[in-house]
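For reference, the chains in residue letters:
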Amino acid sequence: GLEGADKLCKEAALAVGLDGKYRAWLSDDVTPAISRVTGSKLPYVRRDGKPVASNIGMIIAAVDQKLQMAINVTETKVELLMLTECSGQDAVWTGTKDTGVAMVGANCGNWTDEESMTNAFGGSLQATDARWTQGCGLGCLGAARLYCFELEG
């Protein structure tokens, strides 16, 4: 579920010496990702310091305006290069449309059922357009990454 994903984000941050509050960019049938990460007035940057977007509005406007950089750098500052779009290390669980709202039913049973007969929707780490969050159809048995956002304050 969402709490488990947030815990994974926090653990990844702590493993590299980062403190703070972290949330996964993830929607379930009730809670949209946008409501989980809004509030920061700071620009969004990757771990290597390169800018992604000046604010949350630019993150969700990627359908019309591209992100400045793909969100393809891990918490350890490793840049991931695409092998095959929407699979392996390139796929990201989101269940979220480009507007930040949930794709209801496209989330492996609200992220609790890896054997779900439904598929999940996700994004591509290499994309700077709307595909960053809604570009991939993913099977629930597959592996994918999470986008983790640090919350302000």
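Calculation criteria
- Residues numbered from 1 in each chain as written.
- Predicted model: local features only at pLDDT ≥ 70, side-chain atom pairs only at ≥ 80, totals over all residues.
- Heavy atoms only, no water.
- Helix = DSSP H or I, 4+ residues; strand = E, 2+ residues; numbered from the N terminus.
- Expected span 1.5 Å × (residues − 1).
- Buried < 20%, exposed > 50% of the residue type's maximum accessible area, 1.4 Å probe, protein only.
- Arc of directions from axis to C-beta.
- Contact = heavy atoms within 4.5 Å.
- Disulfide = S-S within 2.5 Å.

Our next topic: helix α1 (residues 2–15). With 14 residues, α1 extends 20 Å between its outermost C-alpha atoms, agreeing within 8% with the 20 Å of an ideal straight helix rising 1.5 Å per residue. The complete set of buried residues in α1 reads Leu-2, Ala-5, Asp-6, Cys-9, Ala-12 and Ala-13. End-on view of α1: buried residues confined to an arc of 120°, all on one side of the axis. Residues of α1 that are exposed and angled more than 90 degrees away from the buried face: Glu-3, Lys-7 and Ala-15. In this structure, the buried side of α1 is in contact with β1 (21–24), α2 (33–37), α4 (108–111) and β7 (148–151).

Now for the state of the cysteines. Counting across every chain of the model gives two disulfides. Each sulfur of the disulfide joining Cys-9 and Cys-148 lies 2.0 Å from the other. The disulfide joining Cys-9 to Cys-148 has a torsion of about -75° about its S-S bond and is therefore left-handed. Placement of Cys-9 in helix α1 and of Cys-148 in strand β7 is noted, with a sequence separation of 139 residues between them. The residue that forms a disulfide with Cys-108 is Cys-140, at a sulfur-sulfur distance of 2.1 Å. For the disulfide bridge between Cys-108 and Cys-140, the dihedral angle about the S-S bond is near -100°, and by the sign convention the bridge is left-handed. Here Cys-108, found in helix α4, pairs with Cys-140, found in the loop between β6 (136–139) and β7; they are 32 residues apart in sequence, far enough to count as distant.

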